[in-house]
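Architecture and fold: a report
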Amino acid sequence: DAGITQSPRYKITETGRQVTLMCHQTWSHSYMFWYRQDLGHGLRLIYYSAAADITDKGEVSDGYVVSRSKTENFPLTLESATRSQTSVYFCASSEAGIGTSGSRGETQYFGPGTRLLVL
Amino acid sequence: KQEVTQIPAALSVPEGENLVLNCSFTDSAIYNLQWFRQDPGKGLTSLLLIQSSQREQTSGRLNASLDKSSGRSTLYIAASQPGDSATYLCAPIGRGADGLTFGKGTHLIIQP
């Protein structure tokens, strides 16, 4: 029962390089999310996806790209990494869309995070 | 835009005490509110989700309440244990929101 996994767990890269962070969930949840967590800002939404091939921007999406060709995978790509993208990145999933049903299916489950350092 | 405040930012208490963590939010038009804990270097673990139609939700030694009209939620921890040491985050879920708006958390230390 793997749940939701992220890889790599730690990554060091250089400014200007492309980096892809992977997220995989085994529950067949429809909704998946990417957040970043920074000191002083808390957790902020980058992108979310309601289903395969459906994605939408969150609060801090500039410089990031996502795709969702399969329900279980939701990779996040930094097209040209910048130092300001140094952060801890969390992937999450839920059965139902947040704010859509008021149901317990909206509970979000988080992965262990990826710590990214951009030099 | 929803803004979430958690008070206190940090709390250190001896083992065995009952304690209350506070969360306030500016937009009361929410569907649900979720409480999480985060251990150092780890991801978030969902503790409780309170639906807007509920006033309270309980899980073991944890009890969360929600007062939508006043924009407040509290997390009550009974008989605290050292294993409860973590950062506790609240996240109201608003209408049309496609993610959660998080507070910055309360960093809790339970002294043995």
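First, a word on scope: everything that follows refers to the structure included in this document.

Reading the values: rules and limits
Residues numbered from 1 in each chain as written. Chains lettered and ligands numbered in written order. Predicted model: local features only at pLDDT ≥ 70, side-chain atom pairs only at ≥ 80, totals over all residues. Heavy atoms only, no water. Pairing = 2+ DSSP bridges. Helix = DSSP H or I, 4+ residues; strand = E, 2+ residues; numbered from the N terminus. Axes fitted to C-alpha atoms, helices over the stretch in contact; angles between N-to-C directions. Buried < 20%, exposed > 50% of the residue type's maximum accessible area, 1.4 Å probe, protein only. Polar contact = N/O pair within 3.5 Å; in protein donor to acceptor, adjacent residues only side chain to side chain. Disulfide = S-S within 2.5 Å.

**Observations regarding the sheet that holds strand β8 (residues 72-77) of chain B**
Residues and elements named next belong to chain B. Strand order in this open sheet of 5 strands is β1-β3-β8-β7-β6, and the pairing throughout is antiparallel. Every other strand in the sheet has two partners, leaving β1 (4-7) and β6 (56-59) as the edge strands with one partner each. Within the sheet, the average angular offset between the axes of one strand and its neighbour, ignoring direction, is 15°. Of the strand pairs in this sheet, β6 and strand β7 (residues 62-67) are connected by 4 bridges, and their pairing is antiparallel.

**Side note on the side chain of A:Gln108**
Residues and elements named next belong to chain A. Here Gln 108 is to be found in the loop between β9 (87-94) and β10 (109-110). By relative accessible area, which is 0% here, Gln 108 ends up buried. Polar contacts involving the side chain of Gln 108 include one to the side chain of Tyr 35, which spans 3.0 Å.

**What to know about the state of the cysteines**
Overall, the coordinates contain 2 disulfides over all chains when judged by the stated rule. What pairs with A:Cys23 in a disulfide is A:Cys91, and their sulfur atoms sit 1.9 Å apart. Taking the sign of the S-S torsion, about -75° here, the bridge from A:Cys23 to A:Cys91 comes out left-handed. Linking A:Cys23 in strand β3 (residues 19-25) with A:Cys91 in strand β9, this pair joins segments that are 68 residues apart in sequence. As far as the burial class goes, A:Cys23 and A:Cys91 line up, both buried. Note that B:Cys23 is cross-linked by a disulfide to B:Cys90, the S-S spacing being 1.9 Å. Here B:Cys23 and B:Cys90 share a disulfide; its torsion about the S-S bond, 60°, makes the bridge right-handed. Of this pair, B:Cys23 sits in strand β3 (residues 19-25) while B:Cys90 sits in strand β9 (residues 86-94), placing them 67 residues apart in sequence. Here B:Cys23 matches B:Cys90 in class, with each residue buried.

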